[in-house]
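What follows is each chain in one-letter form.
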Amino acid sequence: MEFSCKHFKVGKCEGEKLVDGETIPLVLQPSEANKNGLESLLLALKNNKEWFEQMIIKNSAVLLRGFDVKNAEEFNEIVEICGWEDIRYVGPAPRTHIYKRVWTANEGPLSEFIYYHHEMVLFKECPLKVILFCEIPPPEGGQTPVVPSFKVTEKMVEEFPEAVKEMEEKGLRYTFTAPGKNNTGSMRGRGWEDAFGTSDPQEVEKRAKAFGMELEWLPDGGLKTILGPRNLTKVFEGRKGRRMWFNTIVGMHGREISSAKMADGTEIPENVVKRCAEIIEEESIQFKWEKGDVLFLDNLALLHGRRPSLPPRKVLVATCK
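Residues numbered from 1 in each chain as written. Predicted model: local features only at pLDDT ≥ 70, side-chain atom pairs only at ≥ 80, totals over all residues. Heavy atoms only, no water.

**Q** Would you take a moment to explain a negative patch on the surface for this structure?
**A** On the surface, Glu-39, Glu-73, Glu-77 and Glu-80 cluster together into a patch of negative charge. A per-element tally of the negative patch places helix α3 (residues 72-82) first, with three residues. Within the secondary structure, Glu-77 is located in helix α3. (Patch = residues over 30% accessible without salt bridge, like charges linked within 9 Å, V, L, I, M, F, W, Y side chains within 5 Å. Areas by Shrake-Rupley, 256 points an atom, 1.4 Å probe, with all protein chains shown as cover. Salt bridge = Lys/Arg side-chain N within 4 Å of Asp/Glu carboxyl O. Lys, Arg positive; Asp, Glu negative; His and termini not counted. Charge placed at Lys NZ, Arg CZ, Asp CG, Glu CD. Helix = DSSP H or I, 4+ residues; strand = E, 2+ residues; numbered from the N terminus.)

Written out as structure tokens, the structure reads:
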């Protein structure tokens, strides 16, 4: 579908890329200078819901810029006007609930790089859309880079056809260890009580089963989660038959509190993981925040991360089905 909407005009942003004929991200700005307020934006989204969603899928990312969005309450109105069902985040990132459907993004130390990932990639149900709002842009660094997932698959198949075939056939198995209580000094420090929303071990086991997890309780009060087998790549409807690199082998392979192996226990070769990390970086789009930005990501098509930054940096998030 070509761009055509009287309520928006197409802009540009630093770092955008043309990928297979589509600009990532597609920047949408007010159609007129006097229509940059929240009410004008909400009306434009309300009147163009189907078209706007098609733009997100077509371009994988849409950036609303220049609409003077001020805070979590206004961001929540934008999320709600789109009409997509909420999905609660499950994972290791420490987060705080701010307002209605709005949470903080990963509260781990700003000095650390949050590695590229599809949100909740390991669970049976993951968000279709991740929506981010920049309330306070960082003075330096702090970009939210994105990566067209299918480009990673293309290069990995080209360079490591046998390894990719083996991982596809065997599937993948992941482990992750969560502490009993939150550790905000780590970008993966969310405790299992917070992650599962309960301190009752029996309820945790029930919820884990629904997520497709196995559990192992540890003597120190921590919890080891085991997930697998999981796919290496996936093809999703409406996305041109592209094979998305829908896994987290680089982010979890050989870490202190996590592992990524083939489902039968076979190790993933170190050179394959290392080169995959290089490919992901090569294909990345280094998106830089401006105050008031609202970024819509197709979570099935894009990996995203967070560059280290100087404080302050305040980016809020909502996740939708």
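Past the structure itself, the notes keep going.
**Q** Would you take a moment to explain the environment of Thr-104 for this structure?
**A** Along the polypeptide, Thr-104 turns up in strand β7 (residues 102-104). Look at Thr-104 and you get buried, because its relative accessible area is 12%. In this structure the C-alpha to C-alpha distance between Thr-104 and Lys-314, which are 210 residues apart in sequence, comes to 7.8 Å. Those residues within four positions of Thr-104 in sequence are excluded, and the remaining contacts are Arg-95, Thr-96, Ile-98, Val-315, Leu-316 and Val-317. A distance of 2.8 Å separates a polar atom in the side chain of Thr-104 from the backbone nitrogen of Thr-96. (Buried < 20%, exposed > 50% of the residue type's maximum accessible area, 1.4 Å probe, protein only. Contact = heavy atoms within 4.5 Å. Polar contact = N/O pair within 3.5 Å; in protein donor to acceptor, adjacent residues only side chain to side chain.)

**Q** Looking at this structure, how should I read the domain arrangement of the protein?
**A** When the parts come together, some accessible area is lost, and that loss is often what is quoted as the size of the interface. For the protein, the assigned domains are domain 1 (8-110 + 127-139 + 287-320) and domain 2 (148-281). Between the C-alpha centres of domain 1 and domain 2 the distance comes to 25 Å. Taken together, the contact between domain 1 and domain 2 spans 24 residues of the former and 26 residues of the latter. A combined buried area of about 2000 Å² lies between domain 1 and domain 2, and 56% of that area is made up of carbon and sulfur atoms. A per-residue breakdown of the area domain 1 buries against domain 2 is headed by Pro-92, Leu-300 and Leu-303, which together make up 28% of the total. On inspection of domain 1 and its partner domain 2, the count reaches four salt bridges. (Domains from an automatic or database assignment. Buried area = accessible area lost by both parts, 1.4 Å probe.)

**Q** What's the story with helix α4 (residues 149-159) in this structure? I'm lost.
**A** Residues Ser-149, Phe-150, Val-152, Thr-153 and Met-156 constitute the buried set of α4. Here the buried residues of α4 occupy an arc of 150 degrees about the axis, which is enough to place them on one side. Packing partners of the buried residues in α4 comprise β2 (17-19), β10 (146-148), α5 (161-170), β15 (243-244), α9 (270-282) and β18 (302-306). (Arc of directions from axis to C-beta.)

**Q** What am I meant to see in unusual backbone geometry here?
**A** Most peptide bonds take the trans form, and the phi angle of most residues other than glycine is negative. Cis rather than trans, the peptide bond between Ile-24 and Pro-25 has omega equal to -10 degrees. Within the secondary structure, Pro-25 is located in the loop between β3 (22-24) and β4 (26-30). With phi around 50 degrees, Asp-20 is a residue other than glycine that occupies positive phi space. Examined against the element boundaries, Asp-20 turns out to sit in the loop between β2 and β3. Given the relative accessible area of 48%, Asp-20 is considered partly exposed.

**Q** Would you mind going over the sheet that holds strand β6 (residues 97-99) with me for this structure?
**A** Backbone-to-backbone hydrogen bonds join strands into a sheet, with any given pair of strands oriented parallel or antiparallel. Taken together, eight strands build an open sheet; the order of strands is β1-β4-β5-β17-β9-β19-β7-β6 and the sheet is mixed. Strands at the two margins of the open sheet, each flanked by one partner only, are β1 (8-11) and β6. Mean inter-strand twist for the sheet, computed between neighbouring axes without regard to direction, equals 30 degrees. Taken together, the three bridges between β4 and strand β5 (residues 61-64) define a ladder with parallel strand orientation. Across the sheet, Val-27 pairs through a bridge with Leu-63, a residue of β5. Along the sheet, helix α2 (residues 49-59) contacts β1, β4, β5, β9 (129-136) and β17 (294-298); its crossing angle with β5, the most-contacted strand, is approximately 125 degrees. (Pairing = 2+ DSSP bridges. Axes fitted to C-alpha atoms, helices over the stretch in contact; angles between N-to-C directions.)

**Q** Looking at this model, I keep getting lost on the nonpolar core. Mind explaining?
**A** Here is a general trend for soluble globular proteins: nonpolar side chains tend to be buried in one another's company. Residues Val-152, Met-156, Met-167 and Ile-249 are the most contacted members of the largest nonpolar core, which totals 68 residues. For this core, the element with the most residues is α9, which contributes five residues. Residues lining this core come from more than one domain, with at least three contributed by each of domain 1 (8-110 + 127-139 + 287-320) and domain 2 (148-281). Aside from chain neighbours lying at most four places away, what touches Met-156 is Pro-161, Val-164, Trp-245, Val-272, Cys-276 and Ile-279. (Core = buried A, V, L, I, M, F, W, Y, C linked by side-chain atoms within 4.5 Å.)

**Q** What exactly am I supposed to notice about the packing of aromatic side chains here?
**A** Both the distance between ring centres and the angle between the ring planes are used here to describe each pair of aromatic rings. This model, assessed by the stated rule, comprises 14 aromatic pairs. Centre to centre, the rings of Phe-75 and Phe-133 are 5.4 Å apart; their planes meet at 25 degrees, and the pair counts as stacked. Of this pair, Phe-75 sits in helix α3 while Phe-133 sits in strand β9, placing them 58 residues apart in sequence. For the pair formed by Phe-75 and Phe-133, the shared burial category is buried. Seen from their ring centres, Phe-113 and Tyr-116 are 5.5 Å apart, and the 75 degrees between their planes marks the pair as edge-to-face. Taking relative accessible area as the criterion, Phe-113 reaches 24% and is therefore assigned partly exposed. Owing to a relative accessible area of 2%, Tyr-116 belongs among the buried residues under this scheme. Each member of the aromatic cluster is reached from another via a ring pair, and the members are Phe-8, Trp-51, Phe-52, Phe-67, Trp-84 and Phe-296. (Phe/Tyr/Trp six-rings, centres within 6.5 Å; stacked < 30°, edge-to-face > 60°.)

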